Amino acid sequence: MAFVVLSTLALAQISPSPSGGPICPLSDSQTQKSIEAFSKLAPIFQQPRCINCHGAVDPFTKGGGHPGGEFDFVRGEDGFIDSKYFEPCASCHDAFEGWRTPPSDMLFTGKDSVALCKLMKRQFGNAVRFMAHMIRDNGGDKFIEVGLAGTRGMSDTNPEPPPGWTHDKLIKLSQEWVDAMGGGYHGDEECGCVPAHYAVRMSVSNETNRGLLHHKSALQPLDIPITFEDDGTFSGEAVANFKGAAVVSPCAGQYTDSLKVRASGQAIETTDEQSMRLKLENTSPDVSSVSIQCPYGGANKQSTHSEKTILPFDLKGNVGEFLDYSMPNIPGFVSTTHLEIVKLAEPQK
Ligand code: HEC
Ligand code: HEC
């Protein structure tokens, strides 16, 4: 009966709440391939020709390891250093116009493969911009090219390019990472960099007060874990156990109710589009048992209801997003259901 009651509740839908970041709709195998693909790309960022500009050599701090001396500067609130502070650079780094170090949120120092992966997700926002940067520095100054050439932007040094790297290889490995994530960026900045799993958390509480009848039943928060396929469809199942107690003076009763609930649907979590269609349905009959004690005796009753209930929901697909339902206008009956998208803790390795 517990779930059947839910079908009526769908009438009282409250609009989805704004909340945490988008869920990661990648399958376990996509995530694993993406992590592997990025770990092949990550070493380029740690090559001296890249990381020295991206944090490892800092001409603006004492002991910053810059062979050409220390320079004064003022860092802006956005982490950028005004271009005027880079004017003196050209006297030595003469073979590259616009020689400069990146703002503080683009540093590669102290970052492992996972942290670099998150940085590439965060800074570019979408895979097209990431690839455009890897292919041609997004049309700006050709830092990647000069890094791969190994000249340090100077006309009088021996080039020391990153060993084993070419621009073609960089582009190929970048594209392989994007392909492993299903051809684009999805979810939050961790999506494709670390494993992530989610559940639909459901809880229900029902209360009836009608004449001599007082009845309460509840489903404690139940996590229905969902797993994704490569196309963003997902599914998962869990057993919901409702428990309740009733008083019809002078009798008292206990109530349990059990059924399997399946969550399924599809999530689209790209930069341009975000939606999560969720369907809840019972995949087993609803088995309830009631035991009643009265001063003059008692009774136990088992019953099975095999109605099938399917409830559709439209969500955005954010962690922490929830829906609250309450039963519309039935005198003496109050029922509330809470549905929430939760991120599950990953098992410790
Ligand atoms: C007086 C000359 C001189 C000036 C001026 C100068 N540099 Fe340098 N810089 C060097 C030398 C020499 C190296 C080391 C080149 C080598 O590794 O052979 C270097 C290396 C670097 C590196 C490391 C590059 C790499 O691939 O290892 C960075 C980053 C850098 N400079 C930034 C700057 C910035 C930013 C400015 C301006 C604020 C600047 N430099 C001004 C001489 C200079
Ligand atoms: C001369 C210093 C310099 C070198 C060498 C350099 N970069 Fe950069 N890089 C920059 C600057 C500066 C930016 C910030 C964008 C801008 O100002 O145009 C940047 C931005 C980036 C970004 C965007 C990062 C973000 O967080 O938005 C990536 C990725 C990147 N560089 C990769 C590389 C790789 C890979 C190499 C080596 C092949 C490299 N860079 C070599 C200076 C450099």
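As the structure is a prediction and not an experimental result, all values here were calculated from the model.

(A) How the structure looks around the coordination of the iron atom of ligand 2. Protein coordination of the iron atom of ligand 2 rests on one atom only, His54 (NE2), at 2.1 Å. By secondary structure assignment, the location of His54 is in helix 3 (residues 48–56).

(B) Broad picture of the site of ligand 2. The environment of ligand 2 is formed by 17 residues, the closest being Cys50, Cys53, His54, Met106 and Gln123. One of the side-chain N or O atoms of His54 is found 2.9 Å from a nitrogen atom in ligand 2. Within the contact set of ligand 2, a nitrogen atom lies 3.5 Å away from a side-chain nitrogen or oxygen of His133. Of all the secondary structure elements, the ones that give two or more residues to the shell around ligand 2 are helix 3, helix 4 (113–124) and helix 6 (143–149). Looking at which element gives the most residues to the shell around ligand 2, the answer is helix 3, with four residues. The class makeup of the residues in the shell around ligand 2 is eleven nonpolar, four polar and two charged.

(C) Representation of the coordination of the iron atom of ligand 1 in the model. Protein coordination at the iron atom of ligand 1: the donors are His66 (NE2) and His93 (NE2), at 1.9 to 2.0 Å from the metal. In this structure, the iron atom of ligand 1 is coordinated by six donor atoms arranged in octahedral fashion, with angles at the metal of 89 to 179 degrees. Placement of His66 in the loop between helix 3 and helix 4 and of His93 in the loop between helix 3 and helix 4 is noted, with a sequence separation of 27 residues between them. Residue classification places His66 among the partly exposed residues on the basis of a relative accessible area of 22%.

(D) Region of interest: the side chain of Gln47. In this fold, Gln47 is placed in the loop between helix 2 (28–46) and helix 3. A relative accessible area of 17% means that Gln47 is categorised as buried. Look past the residues within four positions of Gln47 in its chain and what remains in contact with it is Asn52, Pro162, Pro163 and Trp165.

(E) Just the state of the cysteines, in detail. Enumeration according to the criterion identifies three disulfides in this entry. Between Cys24 and Cys191 runs a disulfide, and the two sulfur atoms are separated by 2.0 Å. Because the sign of the S-S torsion sets the handedness, a value of about 70 degrees for the bond joining Cys24 and Cys191 places this disulfide among the right-handed ones. Within this pair, whereas Cys24 is found in the loop between helix 1 (2–9) and helix 2, its partner Cys191 is found in the loop between helix 7 (167–180) and strand 1 (197–210), the two being separated by 167 residues in sequence. We note that Cys24, like Cys191, is buried. The side chain of Cys117 participates in a disulfide bridge whose partner is Cys193; the two sulfur atoms lie 2.0 Å from each other.

(F) Fine view of the side chain of Ser335. Along the polypeptide, Ser335 turns up in strand 10 (residues 333–344). For Ser335, the side chain forms a polar contact with the side chain of Asn206, separated by 2.5 Å.

(G) Quick peek at the site of ligand 1. In the vicinity of ligand 1 lie 21 residues, with Asn52, His66, Cys89, Cys92 and His93 positioned nearest. Between ligand 1 and Asn52, the relevant distance is 2.7 Å, taken from an oxygen atom to a side-chain nitrogen or oxygen of the residue. For ligand 1, an oxygen atom lies 3.1 Å from a polar atom in the side chain of Arg152. Partitioned by chemical class, the residues of the shell around ligand 1 number 13 nonpolar, six polar and two charged.

(H) Up close: the packing of aromatic side chains. Scanning the model with the defined rule gives twelve aromatic pairs in all. A centroid spacing of 6.1 Å and a plane angle of 10 degrees characterise the contact between Phe38 and Phe45, whose relative ring orientation is stacked. We note that Phe38, like Phe45, is buried. Seen in terms of ring centroids, Phe124 and Phe130 are 5.6 Å apart; in terms of plane orientation they differ by 70 degrees. Their pairing is edge-to-face. In this structure, Phe124 and Phe130 share a single accessibility class: buried.

(I) Inspection of the environment of Thr31 at higher detail. If you trace the backbone, Thr31 turns up in helix 2. By relative accessible area, Thr31 is classed as buried at 5%. A C-alpha to C-alpha distance of 30 Å links Thr31 and Pro103, two positions 72 residues apart in sequence.

Conventions used here
- Residues numbered from 1 in each chain as written.
- Chains lettered and ligands numbered in written order.
- Predicted model: local features only at pLDDT ≥ 70, side-chain atom pairs only at ≥ 80, totals over all residues.
- Heavy atoms only, no water.
- Donors = N, O, S within 2.8 Å, 3.2 Å for Na, K, Ca; no water.
- Helix = DSSP H or I, 4+ residues; strand = E, 2+ residues; numbered from the N terminus.
- Near = heavy atom within 4 Å.
- Polar contact = N/O pair within 3.5 Å; in protein donor to acceptor, adjacent residues only side chain to side chain.
- Nonpolar A, V, L, I, M, F, W, Y, C, P; charged D, E, K, R; others polar.
- Tetrahedral: all angles 85-135°; square planar, octahedral: opposite > 155°, others 65-115°.
- Buried < 20%, exposed > 50% of the residue type's maximum accessible area, 1.4 Å probe, protein only.
- Contact = heavy atoms within 4.5 Å.
- Disulfide = S-S within 2.5 Å.
- Phe/Tyr/Trp six-rings, centres within 6.5 Å; stacked < 30°, edge-to-face > 60°.

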